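# Fold and contact review
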Amino acid sequence: MKRTHLNSFIILFLLACCSFSCSKLLEQEPKNSTYLEKYWQNARDCESALAGNYALVRNALAFRNSYYMYGDAIAKNYFVIDYNGDGLEGIQNGDFSFTYNVNDFGNWTRYFKAITMSNTILEQVPKVPEDNLAKDVDDVQDYRNRVMGQALFLRAFTYFVMTRIWGDVPLVTEFYENPLEAPELPRSTKAEVMQQIEKDCHEAAKLLDWGYGSNTGGIAVTASRGSVYALLAHLYLWRGTTLNAASGGTVNMNDINSADTTISALLANGGYRLTDTAQYYNTFIGRSPEGIFELNISEDQFEGSSSGIGMEFLRGDQYIKYKGDYARMAVRPEYFSRHFRKGQTVNDTMDVRFQKGFDYRDDSRPLCRKYSNIIYRNPGVKLDPYMSNNMIIFRLSDMMLLQAEIALYKGDNAKALQVINFFRTRNNTAALDMPSNAEELMYEYILERGKELFLEGHLFYDMVRTRAYSYIVDWLTDQRYAREGFYWPVDPRLFRGNKFLQQTTYWRGKI
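Residues numbered from 1 in each chain as written. Predicted model: local features only at pLDDT ≥ 70, side-chain atom pairs only at ≥ 80, totals over all residues. Heavy atoms only, no water.

### Here's the deal with the side chain of Asn 296
You can see Asn 296 is positioned in the loop between strand E2 (291–295) and helix H13 (309–313). A distance of 2.9 Å separates the side chain of Asn 296 from the side chain of Glu 303, its partner in a polar contact. (Helix = DSSP H or I, 4+ residues; strand = E, 2+ residues; numbered from the N terminus. Polar contact = N/O pair within 3.5 Å; in protein donor to acceptor, adjacent residues only side chain to side chain.)

Right, here's the structure in full:
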């Protein structure tokens with residue numbers, strides 16, 4: 001389906017339909033039935049709402065680069081954030097209680113806007129008159145399936161993001177024509193939330209195809225069955241390793257096996273292929289052969305970012321004209337010494353990812369250049385720079401590396417090493433010999449994830465899943481892990497008027 005650029009009318013529609021206050025979970029300006037009947041009339045209305053759904057998900061993840069703050073920054077020893085008065089630097093020491101951070105990163109309002117739009121689409125699309133749709137589409141039922149399948153995926157994905165951040169969250173799957181009448185809800189357990197995610201994924205998979213057919217413009221930036229399977233794989237691994245963290249954290253092998261079969265099906269049917277390392281940067285511009293799901297941030301549609309995560313690392317005229325020699329964020333030199341080792345028996349510094357992914361590598365403040373596709377809106381004098389790199393959510397390399405993790409849980413060390421060495425040799429680095437034990441092999445796996453997926457929103461969750469946090473995330477002790485201290489607090493402003501909400505267990509008495 002073609003992703004339309006939202007005009008001002010649609011933006012106003014979304015804001016009206018999806019506005020929230022701090023005191024009421026689903027408090028929105030009510031729209032009467034006449035308004036709804038006038039809007040949901042044809043395929044254009046459906047496409048506009050769906051494009052809005054994607055935009056709301058993107059806006060939630062892009063806000064203050066939160067997707068990378070949750071997934072990478074708090075892992076601490078990958079990159080550093082300089083003090084700038086907004087509290088970002090504090091989260092790297094495991095202190096999420098700074099006022100700015102609690103108010104922004106502890107507030108789930110933006111995510112519920114996206115969920116509300118998904119719920120609206122799922123309620124209204126089946127009601128659009130068939131004759132009206134038939135004027136614009138060849139197969140009405142197939143069209144409804146594709147729209148609803150994407151809405152289901154976006155709801156599932158949004159809830160997955162939320163449950164990894166907060167654990168227990170309110171579960172809303174109903175559409176409310178008058179949101180002021182919607183009930184206030186407590187936080188559902190993470191087990192219930194993940195069960196709903198799994199259900200939505202299975203329903204979405206039935207409605208979506210593996211490929212995109214003639215819709216080449218939708219490749220990777222609209223959900224396909226492959227996107228659903230990638231989400232399911234991550235869901236199973238997260239649930240299978242973290243659901244019982246507070247009671248000892250045993251691994252649920254049923255979920256691990258489900259992740260295994262899901263990834264196998266994705267690899268067999270998805271049609272994805274790895275990007276040639278000679279075209280390294282194309283992966284991060286977006287829509288590469290290995291892209292499974294991405295959020296569109298392309299200047300081709302004037303949707304580039306002037307404050308995206310890549311902009312925070314780039315410095316010097318070589319990357320952004322007139323930027324100067326300072327960037328707020330920088331790669332930690334110890335990240336290089338840990339991940340790209342150089343010694344008598346190993347030399348990882350010729351690794352493609354080391355050579356192409358970073359610059360100023362011998363400097364005290366190296367930069368990450370994964371996201372350096374800069375386009376100037378005033379190209380004549382190189383002013384008004386915008387980053388035109390999609391937000392990469394799921395890609396083939398991620399799925400393939402997860403096979404090593406699954407193998408480690410199953411005790412198949414030989415397969416795990418095979419996967420790790422595939423990525424090493426593919427990136428111009430010598431294969432490893434078998435480590436002396438499974439713990440060392442898990443560490444090598446974490447290093448490989450850290451090299452391949454640096455600044456892609458995965459690294460902290462990898463630490464939590466595998467319990468390898470002690471190597472890299474020093475503030476996450478075993479005691480804090482057992483108390484589920486890897487979850488975020490909830491903004492206390494959300495409690496106003498909702499007597500059912502409670503603070504995240506670890507943060508009670510701290511916020």
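### Observations regarding the environment of Arg 338
Tracing the sequence through the fold places Arg 338 in helix H14 (residues 333–339). Along the primary structure Arg 338 and Asn 77 are separated by 261 residues, whereas in three dimensions their C-alpha atoms are 9.9 Å apart. When residues no more than four places from it in sequence are discounted, the contact partners of Arg 338 are Asn 77, Tyr 443, Leu 447, Tyr 471 and Ile 472. (Contact = heavy atoms within 4.5 Å.)

### Notes on the side chain of Asp 491
Among the structural elements, Asp 491 can be located in the segment after helix H21 (478–482). Among residues more than four places away in sequence, those in contact with Asp 491 are Val 102, Asn 103, Gly 106 and Asn 107.

### Quick word on helix H3 (residues 43–62)
Between its first and last C-alpha, H3 extends 28 Å over 20 residues, near the 28 Å set by a 1.5 Å rise per residue. Counting buried positions over the 20 residues of H3 gives 16, a clear majority of the element. N-cap assignment for H3: the residue whose side-chain oxygen lies 3.1 Å from the backbone N of Arg 44 is Asn 42. Of the residues trailing H3, Arg 64 is marked for its positive phi of about 50°. (Expected span 1.5 Å × (residues − 1). Buried < 20%, exposed > 50% of the residue type's maximum accessible area, 1.4 Å probe, protein only.)

### Section: the pattern of salt bridges
Counted according to the given criterion, the structure contains 37 salt bridges. For the salt bridge of Arg 328 with Asp 86, the shortest nitrogen-to-oxygen distance reads 2.7 Å. With Arg 328 in the loop between H13 and strand E3 (329–331) and Asp 86 in the loop between strand E1 (79–81) and helix H5 (99–105), this pair connects stretches of sequence that are 242 residues apart. An identical accessibility class is assigned to Arg 328 and Asp 86; each is buried. (Salt bridge = Lys/Arg side-chain N within 4 Å of Asp/Glu carboxyl O.)

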